[in-house]
Amino acid sequence: MSTWLSDIANSHRLQLSLTAVASCCLGVAAVIGLQQARRQYEVSDLKGSIPDVDEPHTVERINSFGGAKAHSGSSLSAEEREDERSRALARRARLGDYDEALILEQLARNRVFLTDEGLAKVRKAFVIVVGCGGVGSHAAAALARSGVGRLRLIDFDQVTLSSLNRHAVATLADVGISKVNCLQRRLEQIVPWTQYDSRNELFGAATAATQLGPWASDGQKPTFVIDAIDNIDSKVALLHYCHTNGLPVIASMGAGCKSDPTRVFIGDIATSTDDPLSRATRRKLRIAGVSSGIPTVFSTEKTGPGKASLQPLSDEEFQKGAVNELGVLPTFRVRILPVLGTMPAVFGLCLANHILLSIADYPGAHAADNSIAAKAREKMYDGILTNLQALEERLARHRHRVDNPGSPGDPRSTADVAVGLRIPVTASDVGYLVEEVFRGRSAVSGLASRLALVRWRAPPADRDDAWIDRRVPGQKAVKMDLGDLVCMTKDEVLRHEKLVLSGEKTPEEVYDKDVLDLVEKRQREERAFREQRG
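Residues numbered from 1 in each chain as written. Predicted model: local features only at pLDDT ≥ 70, side-chain atom pairs only at ≥ 80, totals over all residues. Heavy atoms only, no water.

Naming follows an unreviewed UniProt entry, where the chain appears as THIF-type NAD/FAD binding fold domain-containing protein of Dissoconium aciculare CBS 342.82. The UniProt entry for the chain carries the following comment under Subcellular location (unreviewed entry): "Mitochondrion outer membrane". (UniProt positions renumbered as here; feature names shortened; annotations may be inferred.)

1. Here we look at the overall build of the chain
Per the secondary structure count, the chain includes 18 helices and 14 strands. Burial status across the chain gives 39% buried among its 534 residues. In the chain, 72% of the contacts between residues at least 6 apart in sequence involve partners at least 24 apart. (Helix = DSSP H or I, 4+ residues; strand = E, 2+ residues; numbered from the N terminus. Buried < 20%, exposed > 50% of the residue type's maximum accessible area, 1.4 Å probe, protein only. Contact = heavy atoms within 4.5 Å.)

2. Details of the pairing of strand β3 (residues 126-130)
It is a general feature of regular strands that their side chains alternate between the two faces of the sheet. Burial within β3 is extensive, with five of its five residues counted as buried. Alternating residues of β3 divide into Phe-126, Ile-128 and Val-130 and Val-127 and Val-129, and every residue in both groups is buried. Taken together, the five bridges between β3 and strand β4 (residues 150-154) define a ladder with parallel strand orientation. Each bridged residue has a counterpart across the sheet, and for Val-127 the counterpart in β4 is Leu-151. Taking the sense of rotation as the criterion, the β-α-β connection linking β3, helix α6 (residues 134-145) and β4 turns out right-handed. Two strands pair when backbone bridges link them, and β3 and strand β6 (residues 224-227) are joined in this way by four bridges, in the parallel orientation. Looking across to β6, one finds that Val-130 is bridged to Asp-227. (Pairing = 2+ DSSP bridges. Right-handed = clockwise from strand over helix to strand, strands pointing away.)

3. Some remarks on the confidence of the model for the chain
When pLDDT is averaged across the chain, the result is 79; 70% of the residues are at 70 or more. Taken together, the stretch residues 49-74 has pLDDT below 50 and engages in 24 contacts with residues farther than four places along the chain or on a different chain. Predicted confidence is poor over residues 321-332, with pLDDT under 50, and the contacts of this stretch with residues over four places away or in other chains come to 16 contacts. (pLDDT = per-residue confidence, 0-100.)

4. Topic: the nonpolar core
Ranked by internal contacts, the top residues of the largest apolar core, which has 46 residues, are Val-127, Leu-143, Val-148, Leu-151, Leu-153, Ile-226 and Ile-355. Those elements that provide at least two residues to this core are α5 (108-123), β3, α6, β4, α7 (179-188), β6 and α12 (342-359). Considering every element that reaches this core, the biggest residue donor is α12, with eight residues. Sequence-distant contacts of Leu-151, that is, excluding residues within four places in its chain, are made with Val-127, Ala-140, Leu-143, Ala-144, Thr-194, Gln-195, Tyr-196, Asp-197 and Trp-215. Judged by nonpolar contacts, the second largest core, of 40 residues, contains Leu-385, Tyr-432, Cys-487 and Val-515. (Core = buried A, V, L, I, M, F, W, Y, C linked by side-chain atoms within 4.5 Å.)

5. Here's the deal with the packing of α5 against α12
Orientation of α5 relative to α12, taken along the N-to-C sense of each, is 95 degrees, at an axis distance of 8 Å. The angle between α5 and α12 falls in the class roughly perpendicular. Each of Phe-113, Leu-114, Lys-121 and Val-122 in α5 lies in contact with α12, whose residues at this interface are Leu-356, Leu-357 and Ile-359. When its residues are assigned to classes, the contact of α5 with α12 shows six nonpolar, no polar and one charged. (Axes fitted to C-alpha atoms, helices over the stretch in contact; angles between N-to-C directions. Parallel < 35°, antiparallel > 145°, perpendicular 65-115°, else oblique. Nonpolar A, V, L, I, M, F, W, Y, C, P; charged D, E, K, R; others polar.)

6. Comments concerning empty space enclosed by the protein
Scanning all chains against the criterion turns up one cavity of 30 Å³ or more. Roughly 40 Å³ of volume is contained in the largest cavity. For the largest cavity, the full set of lining residues is Cys-257, Lys-258, Glu-301, Lys-302, Thr-303 and Lys-307. Of the residues assigned to the lining of the largest cavity, the class counts are one nonpolar, one polar and four charged. (1 Å grid on protein atoms, 1.4 Å probe; cavity = no way out; pocket = protein on both sides within 12 Å on 5 of 7 lines; lining within 4 Å. Points joined across faces, edges and corners; volume = space filled by probe spheres on them.)

7. Some details on the sheet that holds strand β9 (residues 295-299)
Ordered in space as β5-β4-β3-β6-β7-β9-β8, the seven strands form an open sheet in which the pairing is mixed. Strands at the two margins of the open sheet, each flanked by one partner only, are β5 (195-199) and β8 (264-268). Neighbouring strand axes in the sheet, compared pairwise and without regard to direction, differ in orientation by 15 degrees on average. Of the strand pairs in this sheet, β8 and β9 are connected by five bridges, and their pairing is antiparallel.

8. Structural notes on α5
Quick reminder: α-helices carry 3.6 residues per turn. Residues three or four places apart thus point the same way. Over its 16 residues, α5 extends only 13 Å from the first C-alpha to the last, a length that falls short of the 22 Å expected when each residue adds 1.5 Å. If you look at α5, its biggest bend is around 110 degrees, right at Thr-115. Packed against the buried residues of α5 are α4 (100-106) and α12. (Expected span 1.5 Å × (residues − 1). Bend = angle between axes of the 7 residues up to and from the residue.)

9. Focus: the environment of Asn-110
Among the secondary structure elements, Asn-110 is positioned in helix α5. According to the relative accessible area criterion, Asn-110 is partly exposed, its value standing at 23%. Residues Asn-110 and Arg-145, 35 residues apart in the sequence, show an inter-C-alpha distance of 9.6 Å. Setting aside residues up to four positions removed in sequence, Asn-110 forms contacts with Thr-115, Leu-119 and Ser-146.

10. Focus: the pattern of salt bridges
Applying the stated rule across the entire model yields 20 salt bridges. Put simply, Glu-117 and Lys-121 hold a salt bridge, and the shortest N to O gap is 4.0 Å. Here Glu-117 and its partner Lys-121 are both found in helix α5, four residues apart, which amounts to about one turn of the helix. Given the relative accessible area of 29%, Lys-121 is considered partly exposed. (Salt bridge = Lys/Arg side-chain N within 4 Å of Asp/Glu carboxyl O.)

11. Here we look at the packing of helix α10 (residues 276-287) against helix α15 (residues 427-437)
As a packed pair, α10 and α15 sit with axes 11 Å apart at the nearest point and diverge in direction by 155 degrees. Considering the angle they form, α10 stands roughly antiparallel to α15. Both α10 and α15 take part in a crossing whose hand is left-handed. Where α10 abuts α15, its residues Arg-279, Arg-282, Arg-283 and Arg-286 lie against Ser-428, Gly-431, Tyr-432, Glu-435 and Glu-436. A class-by-class count of the residues in the contact of α10 with α15 yields one nonpolar, two polar and six charged. (Left-handed = near helix turned anticlockwise from the far one by under 90°.)

Quick look at the structure:
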């Protein structure tokens, strides 16, 4: 054994081999140790890079689906880089760095339809869209795609998840941003040469002059204004300002609870009698002195069994406080309005279509502005006023015969008593009573044809000066209040005149409870409207 060990100790070759083996073992051990140390360092670094829940981080959640956007301090996502590229392209295009041939190619179909002259007018137009929700967004998008050169977008609201069923261009990534900025950002990707003035503001009467004012850079006045507001007070303020200041405007009435696109029409606001939003708007406009002359997109579709309607508020909502305090802003609705996503698009496209044809002077474009139907209704109001005048004259003659029996020598003949008799009612008052108070229907039968107005109760029977004012020499005026009048058919008026006005019966003796209750309800409404009219 000792000999073998001594032989190994004296063998240089063997010593070199053992040394090599030992060196390899040390090298492998060193590599493994280094890898373990590196792994531990990387794990430690990874753990250190994960923030606590309470610590600030660079990713912000924007919706319940987990969609997120990078913080301003981090690198841009692919979508954000595309948006930035589109904005840069739009900036250059608005400065003129865009090939005119490309613009004309994009507008080629409009060009051959409207002709070069018509398209040139469209491209020079400045349109203001007030309300950029379902209706306004589709109108704005259609106008931009058709070549309108300048668009001012006004809306105070943000894109919500519930907006996506009807908004023209909003995506899930747009939830939470203002509607005007969303609309401009998306439209810039389609028509980068269009100039935009986006205002995240609430429209109101106090700010109308500024919001509907000229384009800042050169003072161009609005070519057209779109009313796509669903709040009555703001809508009335907009329409009244435009009508008073001679700004061409077209209004959209309610698309909510509507489902039949074949029932959508463009006509004067005076003809939009079947639309609830239009009715409320007309009432307030009449108070402000505007009864017609505003083109309107409206639906004649009526509600019915099984159709969508405005949902009632739950008891829990009423228990939270005053209902008018539950909305985001005062006077704005707090109930969810059922909306079929296709109908706002129909309304919006009708608005844009009317404006494009009007600007380009396309044949027949101003049919709605001519207000043929409105003029027909004005003629009807004049006829009702004439009939009311004749009825009051007949009543005066009848009363004179009753008050002066057997007095043929009286200097006032039955014919003379009605001469020059005036009634304090105008054609506008007739339209107000027929359309706004009695909804264009007889209070007795509900019929809507051959309508007339008549006193509900007979005037005082003791003497004619109790209902005829003679205080001004040479002038005789009937003492009549609008609340005294009721809408009936002409046949019903003749019966009412015979039994009530010229007879001795009261309305309570002639009509049933349903008619009496309806008339009383309409008279209460008229008194409320009268207070607003001042």
